[in-house]
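Residues per chain are reported as follows:
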Amino acid sequence: MKNLILTTAALALTAGIAMADTVRMGTEGAYPPYNFINDAGEIDGFEREVGDELCKRANLDCEWVKNDWDSIIPNLVSGNYDTIIAGMSITDERDEVIDFTQNYYPPTASAYVAAAEGVDVAGGIVAAQTATIQAGHVAESGATLVEFASPEETIAAVRNGEADAVLADYDFLVPIVEESGGELVFVGELVPLGGGIGMGFRESDAELRGKFDEAIASMKADGSLNEMLVKWFGEGISTYDADGTVVTN
Amino acid sequence: MFSYCADPDTLGTFRWFSCYLTNGVHWSFYLSFLKVLALLAVTAPVALSFGFAGAMAARSHILPLSWLGKAYIAIVRGVPDIAFFLFFVIALDQGFEWLRHKVLCPDWTDPVRQGNDFIVCQAAKLPLGTSPEWVHETYGFFLAVVTFSIVFGAFAANVLFGGMRAVPRAQLETAEAYGMTRRQTFWRILVPQMWVYALPGLSNLWMVLIKATPLLFLLGIEDIVYWARELGGTKTSRFTDYPHGDWRMWYFLGLLIFYLGMTRVSELGLERLMRRLSHGQATSGGELLRKETTA
């Protein structure tokens, strides 16, 4: 009888563990190369590859979920998914609401892109995505900020003249500028913003955060994270040393 | 989809489009049309029943019930849709989970609210963390139907409330004179006659509902407008086999045609319905029908 109870208890416990093992990964799916929807309709990109590898290392079963950027933090804290992996820069304001892992993408620059050289980025009209560090920066820089819900719309605003320039992550802008055929150019200087990109977790979820933190550290140590960074962002990207310090290339 | 789609760069325009328009993302886009239609088909009757219940409550002679009905109409009509969709749905979801948590995990000692976080035991999660993605999507769809129904139900309640008051008093007096009870008067005289007064208002609501579906993406459901924006956006050749510029205008043009088609079909349907409802009514529409048949 006692044995029976013990077995049931053990079974119940393992069942509990097995259930907790599916981790739902929330992302936006609209910010290439970090995350985007590929031709087959699946979530793809740098973060997809990193996320899948992290899950493998942490022995977790992961499932990808798409969510609008505007409601990405409220849905995390209310438990609709377990982590945010959506190109989200680590900032103090966000850190008050959620917790971040160490960065899996080094702190890099944001850049201004405009339709012509010589645009005044400090005094003109600058587009940025709502609730991003870039939007915060523009608001403080003295330029007039126009906010858009998606990254795509910020670029379109520059193309159609609604805004003089757009401020966004440098690596997001590179392929767009390259393929614009000279229509769009980088202007002004690069702006270092944020503390790199990390995964976001509920503050009460320290255990899961620890697992991913460990997995990120191991990917930094064996260089596999660097390979993915170079694959998705090109040779110019900053990489990590084996001990996790950032190397600018 | 087709065998020649392996290398789209080499294809002619027609073949390129035949590949482009049948790739995986586009099937998701086409599927979202069905999603929207399904949502409309389910939401409209549910919202109407919410509205009917609300209107009945509002004109009830039991005072608390009447307050409840009027409060529902006033509060929901007053709150902006987008606020409702951002916060109410999360609250509704948390409400369900909290109830399940109380029932399924009575031994749980940690607080449910920890700072910003809302934490229930794994067994109370809705849907369960282990459920496949389609269960999550169906649940999201269910939440969407409930939220849409509550919002549009409040508007419908107000319209029906007005429709009920517009039925000529003489009709109800006659019913009372025949010795009908309040209940009989309501169901046999008032309800069959009020539709004709309520229909113009209800048809407006229906048209607004058709166009309100982009709010779905706030709930994580990918509707047609989301996909049109996503697919039409500039695509660079690094991330797709089908690079193109900003094609959102063409996608939205497609949506325009869809919406106009929906509007036309709805108009035809509503016109027929109005004709049916006017039959034998003491309104100018009913009078017109009477003349037609006697002429």
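Residues numbered from 1 in each chain as written. Chains lettered and ligands numbered in written order. Predicted model: local features only at pLDDT ≥ 70, side-chain atom pairs only at ≥ 80, totals over all residues. Heavy atoms only, no water.

Along its length, chain B carries 10 helices and two strands. Beginning at the N terminus, the succession of helices and strands in chain B can be written as α-α-α-α-β-β-α-α-α-α-α-α. Against the 2.2 N^0.38 benchmark of 19 Å for 295 residues, chain B shows a C-alpha radius of gyration of 25 Å, more extended than a compact globule. Dimensions along the principal axes, computed over C-alpha positions, put chain B at roughly 80 × 70 × 30 Å. Scored against the burial criterion, the 295 residues of chain B give a buried share of 44%. Once local pairs closer than 6 in sequence are excluded, the contacts in chain B between residues at least 24 apart make up 67%. Of the accessible surface of chain B, which amounts to about 15900 Å², a share of 67% is contributed by carbon and sulfur atoms. (Helix = DSSP H or I, 4+ residues; strand = E, 2+ residues; numbered from the N terminus. Rg over C-alpha atoms; globule rule 2.2 N^0.38 Å. Buried < 20%, exposed > 50% of the residue type's maximum accessible area, 1.4 Å probe, protein only. Contact = heavy atoms within 4.5 Å. Areas by Shrake-Rupley, 256 points an atom, 1.4 Å probe, with all protein chains shown as cover.)

The helix and strand tally for chain A stands at nine helices and 15 strands. Viewed in the frame of its principal axes, chain A has a C-alpha envelope of about 80 × 35 × 35 Å. Each of the 249 residues in chain A was classed as buried or not, and the buried ones make up 54%. Carbon and sulfur atoms form 53% of the exposed surface of chain A, whose accessible area is close to 10400 Å².

A separate point is the interface of chain A and chain B. In this complex, chain A contributes 43 residues to the contact, which on the side of chain B involves 42 residues. Taken together, chain A and chain B are joined by one salt bridge. Between A:K66 and B:E222 there is a salt bridge; the shortest N-O distance is 3.2 Å. Counting every contact that joins chain A to chain B gives 10 residue pairs in polar contact (both at pLDDT 80 or more). Contributing elements (two or more residues each) for the side of chain A that touches chain B: α1 (2-20), β1 (22-27), β3 (35-37), β5 (61-66), α3 (72-77), α6 (151-159), α7 (170-179) and α9 (224-233) of chain A. Its residues assigned to classes, the side of chain A that touches chain B comprises 19 nonpolar, 11 polar and 13 charged. (Salt bridge = Lys/Arg side-chain N within 4 Å of Asp/Glu carboxyl O. Polar contact = N/O pair within 3.5 Å; in protein donor to acceptor, adjacent residues only side chain to side chain. Nonpolar A, V, L, I, M, F, W, Y, C, P; charged D, E, K, R; others polar.)

For the rest of this paragraph, the subject is the pattern of salt bridges. Under the defined criterion, the tally for this structure stands at 16 salt bridges over all chains. A salt bridge links B:E176 to B:R169, with the nearest nitrogen and oxygen atoms 3.9 Å apart. Judged by relative accessible area, B:E176 falls into the partly exposed class, the value being 44%. Several salt bridges converge on common partners, so that one network encompasses A:E53, A:K56, A:R57 and A:D222.

Within the largest apolar cluster, 118 residues are counted, with the highest numbers of intra-cluster contacts made by A:F46, A:Y104, A:Y105, A:M199, A:F212 and B:F148. Ranked by residue count, the leading element in this core is helix α5 (residues 133-166) of chain B, at 15 residues. The two domains that each donate at least three residues to this core are domain 1 (2-106 + 196-247) and domain 2 (109-192) of chain A. Aside from chain neighbours lying at most four places away, what touches B:F148 is B:L39, B:T43, B:F85, B:G153, B:L209, B:A212, B:T213, B:L215 and B:L216. (Core = buried A, V, L, I, M, F, W, Y, C linked by side-chain atoms within 4.5 Å. Domains from an automatic or database assignment.)

All names here are of chain A. Inspection of every chain in the model, using the stated rule, returns three disulfides over all chains. Here C55 engages in a disulfide with C62; their sulfurs sit 1.8 Å apart. The S-S bond linking C55 to C62 shows a torsion near -90 degrees; that makes this disulfide left-handed. With a relative accessible area of 3%, C55 lands in the buried category. If the cysteines joined by disulfides in chain B are listed in sequence order, their pairing comes out as 1-2, 3-4. (Disulfide = S-S within 2.5 Å.)

Residues and elements named next belong to chain A. Axis separation between α6 and α7 bottoms out at 12 Å; the angle between their running directions is 50 degrees. Classified by the angle between their axes, α6 and α7 sit oblique to one another. Between α6 and α7 lies a crossing of right-handed hand. Mapping the contact onto sequence places P151, I155 and R159 in α6 and F172, L173 and I176 in α7. Class assignment for the residues of the contact of α6 with α7 results in five nonpolar, no polar and one charged. (Axes fitted to C-alpha atoms, helices over the stretch in contact; angles between N-to-C directions. Parallel < 35°, antiparallel > 145°, perpendicular 65-115°, else oblique. Left-handed = near helix turned anticlockwise from the far one by under 90°.)

Let's shift gears to the packing of aromatic side chains. All names here are of chain A. Going through the model one piece at a time under the given rule, you end up with 35 aromatic pairs over all chains. With a centroid separation of 5.3 Å and 65 degrees between ring planes, the pair formed by Y34 and Y105 is classed as edge-to-face. Residue Y34 is located in the loop between β2 (30-31) and β3, and its partner Y105 is located in the loop between β7 (99-100) and β8 (109-114); the two are separated by 71 residues in the primary sequence. The class for Y34 is buried, based on a relative accessible area of 1%. Three or more aromatic residues link up through ring pairs in this structure, and these residues are Y31, Y34, F46, Y104, Y105, F172 and F233. (Phe/Tyr/Trp six-rings, centres within 6.5 Å; stacked < 30°, edge-to-face > 60°.)

The subject of this paragraph is the sheet that holds strand β9 (residues 125-129) of chain A. Residues and elements named next belong to chain A. An order of β10-β9-β11-β8-β12 is seen for the five strands of this open sheet, with the pairing classed as mixed. Here the strands that pair on one side only, and so sit at the sheet edges, are β10 (144-148) and β12 (185-192). Mean inter-strand twist for the sheet, computed between neighbouring axes without regard to direction, equals 30 degrees. Pairing geometry for β9 and β10, over five bridges, is parallel. Looking at β10, one finds that I125 is bridged to T144. Strands in contact with α7 are β8, β11 (165-169) and β12; relative to β11, the strand with the most contacts, it is inclined by about 125 degrees. (Pairing = 2+ DSSP bridges.)

Okay, unusual backbone geometry next. All names here are of chain A. Cis geometry is found at the peptide bond from P32 to P33, where omega equals 0 degrees. The phi dihedral of N59 is positive, around 60 degrees, even though this residue is not glycine. Note on N59: relative accessible area 63%, which makes it exposed. The phi torsion at A131 lies on the positive side, around 60 degrees, for a residue other than glycine. One can find A131 in the loop between β9 and α5 (133-141).

This next bit is on the domain arrangement of chain A. How big an interface is tends to be expressed through the accessible area that disappears when the partners come together. All names here are of chain A. Domain annotation of chain A identifies domain 1 (2-106 + 196-247) and domain 2 (109-192). Here the C-alpha centroids of domain 1 and domain 2 sit 28 Å apart. Counting residues at the interface gives 14 residues for domain 1 and 10 residues for domain 2. Buried surface at the junction of domain 1 and domain 2, both sides included, amounts to about 1000 Å², of which 50% is carbon and sulfur. Looking at the side of domain 1 facing domain 2, the largest losses of area belong to Y31, W69 and D70, adding up to 41% of the total buried there. Our count for the domain 1 to domain 2 interface comes out at zero salt bridges. Our enumeration of links across domain 1 and domain 2 arrives at six residue pairs in polar contact (both at pLDDT 80 or more). The residue makeup of the side of domain 1 that touches domain 2, split by class, is nine nonpolar, two polar and three charged. (Buried area = accessible area lost by both parts, 1.4 Å probe.)

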